[in-house]
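Each chain, letter by letter, is given below.
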Amino acid sequence: MIKREEIIGDCRLLLGDCLEILPTLGKVDAVIADPPYYNINGDFDFIWKDFNDYLADVERWACLLNSAMKETATLYWFGDDKNIAYSQIIFDRYMGLLNSLVWFKIDKRGGVYGSAGGGAIRSFPICTERLLVYAKDKYNLTSCIYEIRNYIRDEIYKSKGKIVFKEINSALGTATSGGGVASACLSLDKAEPAMFTREMYERLQEWCSPHLRREYEELRREYEELRREFNNRHKLTEVLEFKSDTKNASLHPTVKPVQLISALVETSTRRCQTILDPFMGSGTTGVACAKMGRKFIGIELEPKYFDIACKRIEEAYRQPDLFIEKPKQMEQQSFEIT
Ligand SMILES: C[S@@+](CC[C@H](N)C(=O)[O-])C[C@H]1O[C@@H](n2cnc3c(N)ncnc32)[C@H](O)[C@@H]1O
């Protein structure tokens, strides 16, 4: 079970096997998991009888992680070029695949011929790792947002006896056509309806008076919180271009770059949300969370890596640096879907 527990700032570090610990945890907003890849690198990678034995563990991990995720949670699952295909088949049984990403190690541009890390003789040099991105449920997660859209539609209907986008747009002072803002926010055809700005909502309230009385702030917060967070502020594509972390390579055989993990944290979570790393290693995800104002739960099996993670996360809290994201006013600037 939990052999040791350390609380450092908003980070909870647990020493033990994630297979045993995961069922005891509450639900989290995101998972960043960098599991053993099977017979590639590190003593923890060479413990399975064969690949099928390893895949049986992948299935157990997928099942437990699925249970640990909130409905709006995102999961990132690392792998190498060979194992990722098998992991995807397993994870597809539990969650909805959003992306299959490639981490292109820009410092390995040009490749390293004859390198380890899965490269075979007389084959192309390896300069990437892979990352699957999953939503707990990629289709249902907007169903609650439909309730917000339906509330606004119902109130307009009560007031006007009909829903005509052209009239709504004209009341909003936007386009006088039948599309525009009204369609983006109220159409029944939209997979993900947008949310009105405060100004527009208040105009709509005036137009529909005495109906449409729910407060804008309450609706907007609900709208934000009910959606899976995805704010691509780093303008990432499915090819993630980041250098490997050579500075911390002596701490852990498969250490990930803080910059890469921080970008994922910022894209898929809001401040104060909780991120779980079931294979914490040297604590890179914890470092990113400490710097980005997120809560963190990390699990690590090996005491030597657990100690390193504790030190790195303590250090991250001590050293404010450019990574720290300034708290943002919760304010919606436009009705566009972000
Ligand atoms: C690929 S490494 C993660 C490295 C980490 N991303 C970093 O930047 O340092 C995988 C880690 O998972 C740990 N591990 C392996 N099996 C585990 C298990 N069942 N429960 C918890 N940790 C485990 C290993 O000891 C290893 O440190």
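The rules behind these values
Residues numbered from 1 in each chain as written. Predicted model: local features only at pLDDT ≥ 70, side-chain atom pairs only at ≥ 80, totals over all residues. Helix = DSSP H or I, 4+ residues; strand = E, 2+ residues; numbered from the N terminus. Contact = placed C-beta atoms within 7 Å. Buried ≥ 20, exposed ≤ 12 C-beta atoms within 10 Å, placed from the backbone. Pairing = 2+ DSSP bridges. Right-handed = clockwise from strand over helix to strand, strands pointing away. Expected span 1.5 Å × (residues − 1). Axes fitted to C-alpha atoms, helices over the stretch in contact; angles between N-to-C directions. Parallel < 35°, antiparallel > 145°, perpendicular 65-115°, else oblique. Left-handed = near helix turned anticlockwise from the far one by under 90°. Nonpolar A, V, L, I, M, F, W, Y, C, P; charged D, E, K, R; others polar. Core = buried A, V, L, I, M, F, W, Y, C linked by C-beta atoms within 7 Å. pLDDT = per-residue confidence, 0-100. Near = placed C-beta within 6 Å.

### Overview of the overall build of the protein chain
And step 1. In terms of regular secondary structure, the protein chain is built from 11 helices and nine strands.
And step 2. When contacts within the protein chain are restricted to residue pairs at least 6 apart in sequence, those whose partners lie at least 24 apart make up 70%.

### As for the environment of Phe51
And step 1. By the element assignment, Phe51 lies in helix 2 (residues 51-68).
And step 2. Of the residues examined, Phe51 has 13 C-beta atoms within 10 Å and is grouped as partly exposed.
And step 3. In this structure, the C-alpha to C-alpha distance between Phe51 and Asn83, residues 32 residues apart in sequence, is 9.2 Å.

### So, the pairing of strand 3 (residues 28-33)
And step 1. Within strand 3, six of the six residues are buried, which leaves the element mostly enclosed by the surrounding structure.
And step 2. Pairing geometry for strand 3 and strand 4 (residues 69-79), over five bridges, is parallel. Residue pairing for strand 4: Val31 is matched across the bridge by Leu75.
And step 3. Following the chain from strand 3 across helix 2 to the adjacent parallel strand 4, one finds a crossover that is right-handed.
And step 4. As paired strands, strand 3 and strand 8 (residues 274-277) are joined by two bridges and run parallel to one another. Across the sheet, residue Ala30 finds its bridge partner in strand 8, namely Ile275.

### Quick look at helix 11 (residues 303-318)
And step 1. Taking 1.5 Å per residue, 16 residues should reach 22 Å; helix 11 reaches 23 Å between its end C-alpha atoms and fits that length.
And step 2. Of the positions making up helix 11, those classed as buried are Tyr305, Phe306, Ile308, Ala309, Cys310, Arg312, Ile313 and Ala316.
And step 3. Here the buried face of helix 11 lies against strand 1 (4-8), strand 2 (11-15), helix 10 (284-292) and strand 9 (295-300).

### Concerning the sheet that holds strand 9
And step 1. Ordered by their spatial adjacency, nine strands build an open sheet running 1-2-9-8-3-4-6-5-7, and the pairing between neighbours is mixed. Unpaired on one side and paired on the other, strand 1 and strand 7 (239-242) mark the two borders of the sheet. Between one strand axis and the next, the sheet turns by 20 degrees as a mean value, whatever way the strands run.
And step 2. Relative to strand 9, helix 10 is tilted by about 170 degrees, and along the sheet it contacts strand 2, strand 3, strand 8 and strand 9.

### A short note on the packing of helix 4 (residues 143-160) against helix 8 (residues 216-226)
And step 1. In the contact formed by helix 4 and helix 8, the axes pass within 9 Å of each other and the chain directions differ by 160 degrees. The orientation of helix 4 relative to helix 8 falls into the category roughly antiparallel. Once helix 4 is placed against helix 8, the crossing between them reads as left-handed. Across the interface between the two elements, Cys144, Ile145 and Ile148 of helix 4 pack against Leu219, Glu222, Tyr223 and Leu226 of helix 8.
And step 2. Class assignment of the residues belonging to the contact of helix 4 with helix 8 gives a composition of six nonpolar, no polar and one charged.

### Remarks on unusual backbone geometry
And step 1. A cis amide bond, omega 5 degrees, links Ser209 with the succeeding residue Pro210.
And step 2. Examined against the element boundaries, Pro210 turns out to sit in the loop between helix 7 (198-208) and helix 8.
And step 3. Positioned with a positive phi, Leu212 is a non-glycine residue whose angle comes to about 60 degrees.
And step 4. Here Leu212 lies in the loop between helix 7 and helix 8.

### Notes on the nonpolar core
And step 1. Within the largest apolar cluster, 62 residues are counted, with the highest numbers of intra-cluster contacts made by Val28, Val31, Ala33, Leu65, Leu75 and Tyr76.
And step 2. With seven residues, helix 11 is the single largest residue contributor to this core.
And step 3. Once residues within four sequence positions are removed from consideration, Val31 is found in contact with Leu65, Met69, Ala73, Leu75, Tyr76 and Leu276.
And step 4. Listed in part, the 16 residues of the second largest apolar core include Leu172, Val181, Tyr201 and Leu212.

### Regarding the environment of Arg227
And step 1. Within the fold, Arg227 resides in the loop between helix 8 and strand 7.
And step 2. C-beta crowding within 10 Å serves as the criterion here: with 17 such atoms nearby, Arg227 is assigned to the partly exposed category.
And step 3. Along the backbone, Arg227 and Glu192 are 35 residues apart, and their C-alpha atoms lie at a distance of 9.5 Å.

### A short note on the confidence of the model for the protein chain
And step 1. For the protein chain, the average pLDDT comes to 90, and 90% of its residues sit at 70 or higher.
And step 2. Note that pLDDT drops below 50 for residues 325-338; the model gives that stretch 20 contacts with residues more than four away or on any other chain.

### Quick word on the site of the ligand
And step 1. Contacts to the ligand come from 19 residues, most closely from Asp34, Phe279, Gly281, Ser282 and Thr284.
And step 2. Among the elements of the structure, helix 1 (18-21) and strand 9 are those that each provide at least two residues to the shell around the ligand.

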